[in-house]
Amino acid sequence: MRKLTLILASTFALAANSIGYATEKPVIPEQDTPAAQVMLFGVFHFHNPGLDSVKSEVINVLTPNNQRYLEQLTSKLADEGPTHVLIECPPTYQKTINRKFNSYKNGNHDLSVNENQQLGFRIAEKAGLDKVLCYDERNVHWKGAELRDYMIKETPERKRTHDKLIEKIGKDTSLRHSTLSLGQLLQFHNSSKEDLDNMNLYIMENDIGAGKGFIGADAAASWWHRNFRMYANIQAKAQPGTKVIAIGGSGHTAILKTLLEVDKSRRAWDINNYL
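Residues numbered from 1 in each chain as written. Predicted model: local features only at pLDDT ≥ 70, side-chain atom pairs only at ≥ 80, totals over all residues. Heavy atoms only, no water.

As named in an unreviewed UniProt entry, the protein chain is DUF5694 domain-containing protein, taken from Microbulbifer variabilis.

Encoded structure:
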């Protein structure tokens, strides 16, 4: 009887251990490293040489008021402790960026007008980072020229509609830049409405050439292809525990945000909380 009692006691002890009622202190696994945080900061090009399809006037970011705003904004972002700052330049340009950023940190370089330096250099320097990283992709290009040539020959009515829309966007953009503050412009370029409008520009002609070469779909895919590669460059830096700020034209960030939204390994860090 005593033997049976010992057997039963051992059995109950094993059962208790298996369902978490052991008397010994359980071993608590170490907490996982938090997922990477990624801020996609959409901007207009501070220095606009007129290379984009949409032609417009651009606000002067070098005025005293705008410089004060940029100083305050970049200080707020730097105070959040970003581990990486990424800017829209090709990785082949990294050595030049390194040289200019180091010169800026040492007080020997005046910031250029472009957003890479006005925002990227400022944030990284204030956050104590040793470099600013390029994440653009230039080996895949948007097939816009091919699409325009096709529309001229095959669908001239669509070309006229396209041109009218681009002209309207240019006028609307110039009006915003002449009436809104720099902060308001950055809020606009990071709004969900502007993101949708940006993506629509590359999907509204997707049907052109359907079944006959698919020039519209191929042009749209080429733009997404470039942005998929840009997002891959972001992912390579946005590893667990990091806080990444990626600055880029809002035509890019609109698409990059859709990729970040479905990326379960990373979570969005909203720029709109700081503008």
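In this structure, what is going on with helix H7 (residues 182-189)? I would like to understand it.
Because an α-helix packs 3.6 residues into every turn, residues spaced three or four apart end up facing the same way. Listed as buried for H7 are Leu-182, Gly-183, Leu-185, Leu-186 and His-189. Down the axis of H7, the buried side of the element spans an arc of 160 degrees, and every buried residue falls inside it. Close packing links the buried residues of H7 with strand E1 (36-43), helix H2 (64-79), helix H6 (156-179), helix H8 (192-201) and helix H10 (250-261). (Buried < 20%, exposed > 50% of the residue type's maximum accessible area, 1.4 Å probe, protein only. Helix = DSSP H or I, 4+ residues; strand = E, 2+ residues; numbered from the N terminus. Arc of directions from axis to C-beta. Contact = heavy atoms within 4.5 Å.)

Mind showing me how you'd approach the packing of H2 against helix H4 (residues 115-126) here?
Axes are the key here: two packed helices are described by the angle between their axes and the distance separating the axes. Running from amino to carboxyl end, H2 crosses H4 at an angle of 45 degrees, the nearest separation of the two axes being 8 Å. Judged on the interaxial angle alone, H4 and H2 are oblique. In the packing of H2 onto H4, the handedness of the crossing is right-handed. Seen from H2, the contacting residues are Gln-67, Leu-70, Glu-71, Leu-73, Thr-74, Ser-75, Leu-77 and Ala-78; seen from H4, they are Gln-118, Leu-119, Arg-122, Ile-123 and Lys-126. (Axes fitted to C-alpha atoms, helices over the stretch in contact; angles between N-to-C directions. Parallel < 35°, antiparallel > 145°, perpendicular 65-115°, else oblique. Left-handed = near helix turned anticlockwise from the far one by under 90°.)

Can you walk me through H4 in this structure?
Helix length check: H4, at twelve residues, gives a terminal C-alpha distance of 16 Å against a target of 16 Å (1.5 Å per residue), a fit within 8%. The buried fraction of H4 is high, at ten of twelve residues. Considered for burial, the residues of H4 that qualify are Glu-115, Asn-116, Gln-117, Gln-118, Leu-119, Gly-120, Phe-121, Arg-122, Ile-123 and Ala-124. In this fold, the buried residues of H4 make contact with E1, H2, strand E2 (84-87), helix H3 (94-105) and strand E4 (243-249). Put simply, Asn-114 is the residue that caps the front of H4, since its side-chain oxygen is 3.0 Å from the backbone nitrogen of Asn-116. Looking at the residues trailing H4, positive phi occurs at Gly-128, about 75 degrees. (Expected span 1.5 Å × (residues − 1). Polar contact = N/O pair within 3.5 Å; in protein donor to acceptor, adjacent residues only side chain to side chain.)

How should the side chain of Thr-155 be read in this particular structure?
One can find Thr-155 in the loop between helix H5 (144-154) and H6. Residue class for Thr-155 comes out buried when judged on its relative accessible area of 14%. Contacts of Thr-155, omitting those with residues within four sequence positions, involve Tyr-150 and Ile-208.

Is there a simple way to think about the environment of Pro-240 in this case?
Relative to the helices and strands, Pro-240 is located in the loop between helix H9 (215-237) and E4. Considering only alpha carbons, one finds Pro-240 and Ser-265, 25 residues apart in sequence, at a separation of 8.0 Å. Setting aside residues no more than four positions away along its own chain, Pro-240 makes contact with Thr-33, Pro-34 and Ala-36.

Explanation requested: the pairing of E1 in the structure shown.
Look at any regular strand and the pattern is simple: side chains alternate between the two faces of the sheet. With eight of its eight residues buried, E1 lies for the most part within the structure. Pairing between E1 and strand E5 (residues 266-268): three bridges, direction parallel. Looking at the pairing, Ala-36 lines up with Arg-266 of E5. (Pairing = 2+ DSSP bridges.)

Any chance you could explain the state of the cysteines here in plain terms?
Applying the stated criterion across every chain yields a total of one disulfide. Residue Cys-89 pairs covalently with Cys-134 via a disulfide, S to S 2.0 Å. The chirality of the disulfide connecting Cys-89 with Cys-134 is left-handed, given an S-S dihedral of about -90 degrees. Remark: Cys-134 occurs in strand E3 (residues 133-134) and Cys-89 occurs in the loop between E2 and H3; sequence separation between them is 45 residues. (Disulfide = S-S within 2.5 Å.)

It is not clear to me how the nonpolar core should be interpreted in this structure. Could you clarify?
A general tendency of soluble globular proteins is for nonpolar side chains to be buried together. Core analysis: the biggest nonpolar cluster contains 33 residues, and Phe-41, Leu-73, Leu-77 and Leu-186 have the highest contact counts within it. Only E1, H2, E2, H3, H4, H7 and E4 provide two or more residues apiece to this core. Discounting residues that sit within four places of it in the chain, Leu-77 has contacts with Met-39, Phe-41, Pro-82, Ile-123, Ile-245, Ile-271 and Tyr-274. (Core = buried A, V, L, I, M, F, W, Y, C linked by side-chain atoms within 4.5 Å.)

Would you mind showing me how to read the environment of Arg-176 here?
Note that Arg-176 resides in helix H6. Residues Arg-176 and Ile-59, 117 residues apart in the sequence, show an inter-C-alpha distance of 8.9 Å. Leaving out residues up to four positions away in the same chain, Arg-176 has contacts with Leu-185 and Phe-188.

How should the pattern of salt bridges be read in this particular structure?
Oppositely charged side chains can pair when the atoms bearing their charge come close. Scanning all chains against the criterion turns up 13 salt bridges. When the shortest N-O distance is used, the salt bridge between Glu-71 and Lys-126 registers 2.6 Å. Pair noted here: Glu-71 is in helix H2 and Lys-126 is in helix H4, with a separation of 55 residues, a long-range link. Here Glu-71 falls in the partly exposed class, since its relative accessible area comes to 32%. Asp-195 serves as the salt-bridge partner of Lys-257, at 3.0 Å between the closest nitrogen and oxygen. Taken together, the residues Lys-257 in helix H10 and Asp-195 in helix H8 connect sequence positions 62 residues apart. For Asp-195, a relative accessible area of 8% corresponds to the buried category. (Salt bridge = Lys/Arg side-chain N within 4 Å of Asp/Glu carboxyl O.)

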